[in-house]
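Each chain is listed here by its residues.
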Amino acid sequence: MHNTEIGKLFEFSLKVLGKSRIPKFSGKFSKRTYTQHQHLVLLVLKTFLRADYRKVCSIAEDLSATFAILDLPKVPHFTTLQKFFVRMQNQWLETLIGQVLHQFESIKYLAIDATGLECDRVSRYYQMRLGKPIWASHFLKMSILLDVKRRLPVAVCCHNRNRHDNRDFLPLLNKIEKPVKYFVADKAYDSEGNFEVLNKRGITPIIPLRISSASINGKLRNEMIDKWATHPAIERQYHQRSLVESFFSAVKRRLGAEVRSRLWHLQRREAMMKVVVYSIMRRASYLFWIGFLQSRLPLIFFIVFGISIWVFKQSRRANCMDSFLIEVSSEAGRKVGGIYTVLESKSR
């Protein structure tokens, strides 16, 4: 396990690529100077550093660890990466998103929402000087399904123009093969058809209704009204949806809120690349902290044991019951044992 952030990013990216079915070479008679996995990991680095093709190849020359992890014979020319990005398949990125969540068997809370990424590089100050409205700049719309508990994407859909969020509901949901318990969405996804699809799949919807008149059409929509009225906990469950906004905010802060490509199909690919890179970053960080806690379990045990002895002595001075002290010490030991069991199961 590498200690640097880029090293962890490379290592986990190669691990995900190794489990995917993406071929190492584009064809039987390709030059085989570089593998497609090496190209993909360098594109991960490009997105992570928010750099262009020329800059990421220049940075790779200064990273001695890059050669050791990727086994690169030499740093490719920046046009090599750019041409690979043009010919790569969008299906590969969807495969990588699925591989990050591959080891998890089910999803408790599944949330859906959409956001926009800027496509224009024009300065807002320049737009203001020309008298053009700032909001008129072109943007790419991205809808996403998110595993709320793990903050990891499950499916992504992109469009080059504004459209209603509900149109992406079925295409995204049809990509899900794992069992889901709850589906959380805002009022934009309020539809009797959506409720029927979720009901057939055994998923409990948590979607507030758009009440525009005194009567509400649809049997399942009326049942949802009753749930909101009789189950106070449903409002707390609905606020799990706000974590999708946190995911969008984190992606834009870490990897940028704009796409640099000019062509639509490359803009879509670049937006999906941001989602893939952030999910790899988050998953690699999660595995790092699991290993960190495992390596320090003896230290945690002695800290808890020392606290228990201190409590015991303080209680003896206060003439407290010995049975209570023994119970406190045993409870601390059980907590440490529980932590160790959970970490062992996660590492497997």
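Parameters and conventions
- Residues numbered from 1 in each chain as written.
- Predicted model: local features only at pLDDT ≥ 70, side-chain atom pairs only at ≥ 80, totals over all residues.
- Heavy atoms only, no water.
- Helix = DSSP H or I, 4+ residues; strand = E, 2+ residues; numbered from the N terminus.
- Buried < 20%, exposed > 50% of the residue type's maximum accessible area, 1.4 Å probe, protein only.
- Contact = heavy atoms within 4.5 Å.
- Salt bridge = Lys/Arg side-chain N within 4 Å of Asp/Glu carboxyl O.
- Phe/Tyr/Trp six-rings, centres within 6.5 Å; stacked < 30°, edge-to-face > 60°.
- Lys NZ or Arg CZ within 6 Å of the ring centre and 35° of its normal.
- Core = buried A, V, L, I, M, F, W, Y, C linked by side-chain atoms within 4.5 Å.
- Axes fitted to C-alpha atoms, helices over the stretch in contact; angles between N-to-C directions.
- Parallel < 35°, antiparallel > 145°, perpendicular 65-115°, else oblique.
- Nonpolar A, V, L, I, M, F, W, Y, C, P; charged D, E, K, R; others polar.
- Patch = residues over 30% accessible without salt bridge, like charges linked within 9 Å, V, L, I, M, F, W, Y side chains within 5 Å.
- Areas by Shrake-Rupley, 256 points an atom, 1.4 Å probe, with all protein chains shown as cover.
- Lys, Arg positive; Asp, Glu negative; His and termini not counted.
- Charge placed at Lys NZ, Arg CZ, Asp CG, Glu CD.
- Expected span 1.5 Å × (residues − 1).
- Arc of directions from axis to C-beta.
- Polar contact = N/O pair within 3.5 Å; in protein donor to acceptor, adjacent residues only side chain to side chain.

## Re the overall build of the protein chain
Right, so step 1: Per the secondary structure count, the protein chain includes 15 helices and 5 strands.
Right, so step 2: In the protein chain, buried positions account for 41% of the 348 residues.
Right, so step 3: Taking all contacts inside the protein chain whose residues are at least 6 apart in sequence as the whole, residues at least 24 apart take part in 65%.

## So, the pattern of salt bridges
Right, so step 1: Taken as a whole and assessed by the stated rule, the structure comprises 8 salt bridges.
Right, so step 2: Between aspartate 168 and arginine 163 there is a salt bridge, with its nearest N and O atoms 3.3 Å apart.
Right, so step 3: Judged by relative accessible area, which is 21%, arginine 163 ranks as partly exposed.
Right, so step 4: A salt bridge links arginine 241 to glutamate 245; the nearest nitrogen and oxygen atoms lie 3.5 Å apart.

## Things to note about the packing of aromatic side chains
Right, so step 1: Enumeration over the complete set of coordinates arrives at 7 aromatic pairs.
Right, so step 2: Chaining the aromatic ring pairs together yields one cluster made of Phe247, Phe248 and Tyr278.
Right, so step 3: Above the face of the phenylalanine 25 ring, arginine 32 is positioned so that its terminal group lies 4.3 Å from the ring centre.
Right, so step 4: A cation over an aromatic ring shows up here: lysine 46 above the ring of tyrosine 53, its NZ or CZ 4.8 Å from the ring centre.

## Digging into the nonpolar core
Right, so step 1: Counting residues in each nonpolar core, the largest one holds 92 residues, and the members touching the most others are Met142, Leu145 and Phe183.
Right, so step 2: Among the elements that take part in this core, helix α13 (residues 264-295) stands out by supplying 11 residues, more than any other.
Right, so step 3: Not counting chain neighbours up to four residues away, the residues in contact with methionine 142 comprise Asp113, Ala114, Thr115, Leu117, Val156, Cys157, Cys158, Phe248, Ala271 and Val275.

## Points about the packing of helix α1 (residues 5-19) against helix α6 (residues 90-100)
Right, so step 1: In contact at an axis separation of 9 Å, α1 and α6 are set at 105° when each is read in the N-to-C sense. By the criterion of interaxial angle, the relationship of α1 to α6 is roughly perpendicular. Where α1 abuts α6, its residues Val16, Leu17 and Lys19 lie against Leu96, Gln99 and Val100.
Right, so step 2: Taken together, the residues that form the contact of α1 with α6 break down as 4 nonpolar, 1 polar and 1 charged.

## Notes on a positive patch on the surface
Right, so step 1: A cluster of like positive charges, contributed by Lys108, Lys149, Lys181 and Arg236, occupies part of the molecular surface.
Right, so step 2: Mapped onto the secondary structure, lysine 149 falls in the loop between β2 (139-147) and β3 (152-159).

## Thoughts on helix α10 (residues 219-230)
Right, so step 1: The end-to-end C-alpha separation of α10 is 17 Å, in line with the 16 Å expected for 12 residues at 1.5 Å each.
Right, so step 2: Among the residues of α10, those classed as buried are Leu220, Arg221 and Met224. Taken down its axis, α10 places every buried residue within 100° of arc, on the same side. Opposite the buried face of α10, by more than 90 degrees, sit the exposed residues Lys219, Ala229 and Thr230.
Right, so step 3: Of the surrounding elements, those touching the buried residues of α10 are α9 (192-200), β5 (204-206) and α11 (233-238).

## Remarks on α9
Right, so step 1: Those residues of α9 not exposed but buried are Glu192, Asn194, Phe195 and Leu198. When α9 is viewed along its axis, its buried side chains cluster within an angular range of 160° and face the same direction.
Right, so step 2: Of the surrounding secondary structure, the elements contacted by the buried residues of α9 are α8 (169-173), β4 (180-184), β5 and α10.
Right, so step 3: Where α9 begins, the side chain of serine 191 points an oxygen toward the backbone nitrogen of glycine 193, at a separation of 3.3 Å.

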